[in-house]
Amino acid sequence: MKIPAALLAFAWLALGTTMASAATVEIVVTNIKEAKGTIRMSLCPQAQFLKDDCPYSGTAPAAVPQATVVIQNVVPGVYAAQGYQDVNNNREIDRTLLGVPEEGVAFSRNPSYFFAPPDFKDASFTVGPREALISVRLRYF
């Protein structure tokens, strides 16, 4: 059975459109106090914000005073970036007995927060079909 050329062309264009709409997000992480470990950043939709299973993530070696984490193939949508400096490369945020982070943490839009992490609405931003560049600042407690 022959597939009509028009159908093949449509499928090719649809695939190309899907691939072209995936964005690259560059996250400039500032206020890095020591060049030790790894900067780990994730992009999370609201349902996965503040959890470990965000669909997009990337890393960069920690460097003073800043590092850039590049996350590719991000589907356009509303996300919040969350991340931290994994000083000892154990892939988790080390905390005190009271639950306070011992390593620097960061959220998109640099929201203020004290006794609890920020709300999604305070950290969210829109990723379009092209490249996006955001800046976050590590906070140390």
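Residues numbered from 1 in each chain as written. Predicted model: local features only at pLDDT ≥ 70, side-chain atom pairs only at ≥ 80, totals over all residues. Heavy atoms only, no water.

Asker: Looking at this structure, how should I read the layout of surface pockets?
Answerer: Remark: the empty space left among the atoms is shown by a probe the size of a water molecule rolled over them. Its boundaries defined by the atoms lining it, the largest pocket holds a volume of some 800 Å³. Lining the largest pocket are 31 residues, with Asp52, Gln82, Tyr84, Ile93 and Arg95 sitting closest to its centre. A class-by-class count of the residues in the lining of the largest pocket yields 17 nonpolar, 7 polar and 7 charged. (1 Å grid on protein atoms, 1.4 Å probe; cavity = no way out; pocket = protein on both sides within 12 Å on 5 of 7 lines; lining within 4 Å. Points joined across faces, edges and corners; volume = space filled by probe spheres on them. Nonpolar A, V, L, I, M, F, W, Y, C, P; charged D, E, K, R; others polar.)

Asker: Would you take a moment to explain the nonpolar core for this structure?
Answerer: Across soluble globular proteins, nonpolar side chains show a tendency to be buried alongside one another. Grouped together as the largest cluster of nonpolar side chains are 24 residues, with contacts concentrated most on Ile27, Val29, Ile39, Met41, Leu43 and Val74. Going through the elements one at a time, β1 (23-30), β2 (38-44), β3 (56-61), β4 (67-74), β5 (77-86), β7 (124-127) and β8 (132-137) are the ones with two or more residues in this core. Filtering out sequence-adjacent residues up to four positions away, Val29 remains in contact with Ile39, Met41, Pro65, Gln66, Ala67, Val69, Val136 and Leu138. Grouped together as the second largest cluster of nonpolar side chains are 10 residues, Cys44, Ala80, Phe120 and Ala123 included. (Core = buried A, V, L, I, M, F, W, Y, C linked by side-chain atoms within 4.5 Å. Buried < 20%, exposed > 50% of the residue type's maximum accessible area, 1.4 Å probe, protein only. Helix = DSSP H or I, 4+ residues; strand = E, 2+ residues; numbered from the N terminus. Contact = heavy atoms within 4.5 Å.)

Asker: What am I meant to see in the environment of Ala67 here?
Answerer: Along the chain, the position of Ala67 falls in strand β4. Here the alpha-carbon distance between Ala67 and Val28, two residues 39 residues apart in the chain, equals 5.9 Å. The residues touching Ala67, leaving out its near neighbours within four places in the chain, are Ile27, Val28, Val29, Ile32, Ile39, Ala60 and Pro61.

Asker: Is there a simple way to explain the confidence of the model for the protein in this structure?
Answerer: Low-confidence regions, as indicated by low pLDDT, have predicted coordinates that should not be scrutinised in detail. Mean pLDDT over the protein: 89, with 86% of residues reaching 70 or higher. Scored below 50 in pLDDT, residues 5-18 shows 1 contact in the model against residues more than four places distant or in partner chains. (pLDDT = per-residue confidence, 0-100.)

Asker: What is the right way to look at the side chain of Asp94 in this model?
Answerer: By the element assignment, Asp94 lies in the loop between β5 and β6 (105-107). This buried residue, Asp94, is left without a salt bridge; Arg95 holds the nearest opposite charge, at 8.4 Å. Residue contacts for Asp94: discarding those within four places in its chain leaves Asn88, Val100, Pro101, Glu102 and Glu103. (Lys, Arg positive; Asp, Glu negative; His and termini not counted. Salt bridge = Lys/Arg side-chain N within 4 Å of Asp/Glu carboxyl O.)

Asker: What is the right way to read the sheet that holds β4 from this model?
Answerer: Pairing between sheet strands relies on hydrogen bonds along the backbone, with the strands arranged either parallel or antiparallel. Ordered in space as β4-β1-β8, the 3 strands form an open sheet in which the pairing is mixed. Edge strands, defined here as strands with exactly one partner in the open sheet, are β4 and β8. Between one strand axis and the next, the sheet turns by 20 degrees as a mean value, whatever way the strands run. Bridge analysis of β1 against β8 gives 6 bridges, and the strand direction is parallel. Bridge pairing in β8 links Val25 to Ala132. (Pairing = 2+ DSSP bridges. Axes fitted to C-alpha atoms, helices over the stretch in contact; angles between N-to-C directions.)

Asker: Got a minute to help me understand the packing of aromatic side chains in this structure?
Answerer: Each aromatic ring pair is specified by the distance between its two centres and by the angle formed by the two planes. Evaluated as defined, the whole model comprises 5 aromatic pairs. With centroids separated by 6.0 Å and ring planes inclined at 70 degrees, the aromatic side chains of Phe49 and Phe107 adopt a geometry described as edge-to-face. Remark: Phe107 occurs in strand β6 and Phe49 occurs in the loop between β2 and β3; sequence separation between them is 58 residues. The residues Phe49 and Phe107 share a single accessibility class, namely buried. (Phe/Tyr/Trp six-rings, centres within 6.5 Å; stacked < 30°, edge-to-face > 60°.)

Asker: Please clarify how the environment of Asn90 should be interpreted in this entry.
Answerer: Considering the arrangement of structural elements, one finds Asn90 in the loop between β5 and β6. Using a relative accessible area of 29% as the deciding quantity, one classes Asn90 as partly exposed. Separated by 53 residues in the primary sequence, Asn90 and Gly37 place their C-alpha atoms 9.3 Å from one another. From its side chain, Asn90 meets the backbone nitrogen of Glu92 in a polar contact 3.2 Å long. (Polar contact = N/O pair within 3.5 Å; in protein donor to acceptor, adjacent residues only side chain to side chain.)

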